[in-house]
Amino acid sequence: MNAITLALTGASGAPYALRLLECLVQADYRVYLLASSAARVVLKTEQGLDWPASPQALSAQLCADFGARAGQIVACGKEEWFSPVASGSAAPKQMVVCPCSMGTVSAIAHGASENLIERAADVVIKERGQLILVPRETPFSAIHLENMLSLARLGVTIMPAAPGFYHEPRSIDDLVDFMVARILDHLGVAHTLCQRWGYAPSRDE
Ligand SMILES: Cc1cc2nc3c(=O)[nH]c(=O)nc-3n(C[C@H](O)[C@H](O)[C@H](O)COP(=O)(O)O)c2cc1C
């Protein structure tokens, strides 16, 4: 089974993370799921979700909610240093931070590694795996931009939560799927979430 690390941080955009998790489970990935304290506040604010504090309880709840097999979604605590994602010898080669706060962008850019999200990202960078950040803030300050530039120069993919409108979205779900489709494309996960560029029907058809 393919494995991936999915981290949620405290930027706006919880629906992207939930849809991405759903797609990764459907694609039969084992997902190591990390959520910062601020991500939990955003999940409550944007989705009305109250995730359990215990990683074991959260794993069980998410497996049930997303129709995953037992053990397919593995939630990890923020100081769970013995988690596979904390070491280059065991960590998945792919990681997405979605949504990614400016605070976490900064911490990753500076190699802080003070919690499991920052450490897991540091591991993926040092092991030359694939790290995708989905930042959301507006406007960006020069600090944000410099941090993202440093990361891009290290090979990190900076994929701002900035859905397009050329696929003629009719709903928020369409906008969410646009972003998630682009993330899945970069991960190499097949999907049918959105029509591709050049294939969108015109409004007259
Ligand atoms: C509802 C809500 C929305 C937020 N939206 C953003 C955002 O879009 N971008 C951002 O960088 N921070 C945002 N923040 C602030 C971050 O959550 C805050 O800086 C936090 O310390 C980030 O911590 P983390 O990186 O550990 O998740 C938001 C906070 C809340 C409560």
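A brief structural summary. Remember, predicted model here, so these are calculated numbers, not experimental data.

Conventions we followed
Per chain, residue numbering runs from 1 following the sequence as it is written. Local features are withheld for residues below a pLDDT of 70 in this predicted model, meaning they are given only at 70 or higher, and side-chain atom pairs are given and counted only at 80 or more; totals for whole chains, interfaces and linings count all residues. Side-chain numbers here rest on the full set of heavy atoms in the structure, without hydrogens or water. By salt bridge we mean one thing: a side-chain nitrogen of Lys or Arg within 4 Å of a carboxyl oxygen of Asp or Glu. Working definition: helices are DSSP H or I runs of at least four residues, strands are E runs of at least two. Numbering for both runs from the N terminus. Burial classification: accessible surface area is computed with a 1.4 Å probe over protein chains only, and a residue below 20% of its type maximum counts as buried, one above 50% as exposed, and the rest as partly exposed. If DSSP finds at least two bridges between two strands, the strands pair. Between two residues, a contact is recorded if the distance between any of their heavy atoms is within 4.5 Å. Interaxial angle, 0 to 180 degrees, is taken between N-to-C directions of lines fitted to C-alpha atoms, where a helix line uses only the stretch in contact.

**A few points about the pattern of salt bridges**
Counted by the stated rule, this structure contains nine salt bridges. Measuring nitrogen to oxygen at the nearest pair gives 3.0 Å for the salt bridge that ties E22 to R19. With E22 and R19 both in helix α1 (residues 14–26) and three residues apart, this pair spans about one turn of that helix. Relative accessible area serves as the criterion here: at 22%, R19 is assigned to the partly exposed category. Salt-bridge contacts for D185 lead to R196; the nearest nitrogen and oxygen are separated by 3.2 Å.

**Topic: the sheet that holds strand β2 (residues 30–35)**
Read from one edge of the open sheet, six strands run β3-β2-β1-β4-β5-β6, paired in parallel fashion. The two strands at the open ends of the sheet, each matched to only one other strand, are β3 (73–75) and β6 (157–158). As paired elements, strand β5 (residues 130–135) and β6 share two bridges and run parallel to each other. In the sheet register, I132 faces β6, and the bridge partner there is T157. Lying on the sheet, α1 is in contact with β1 (3–8), β2, β3 and β4 (94–100); it crosses β4 at an angle near 155 degrees.

**With respect to the side chain of S83**
Structurally, S83 is set in the loop between β3 and β4. Owing to a relative accessible area of 5%, S83 belongs among the buried residues under this scheme. S83 has contacts with C76 and L116, leaving out every residue within four places of it along the chain.

**Re the pairing of β4**
Counting buried residues along β4, seven of its seven residues qualify, which places the element largely inside the surrounding structure. Strand direction decides the pairing type here: β1 and β4, joined by three bridges, are parallel. Paired with A7 across the two strands is V97, which belongs to β4. Note that β4 and β5 share five bridges and pair parallel.

**A short note on the side chain of H144**
Note that H144 resides in helix α6 (residues 142–153). Not counting residues within four places of it along the chain, the set of residues in contact with H144 comprises M102, E137 and P139.

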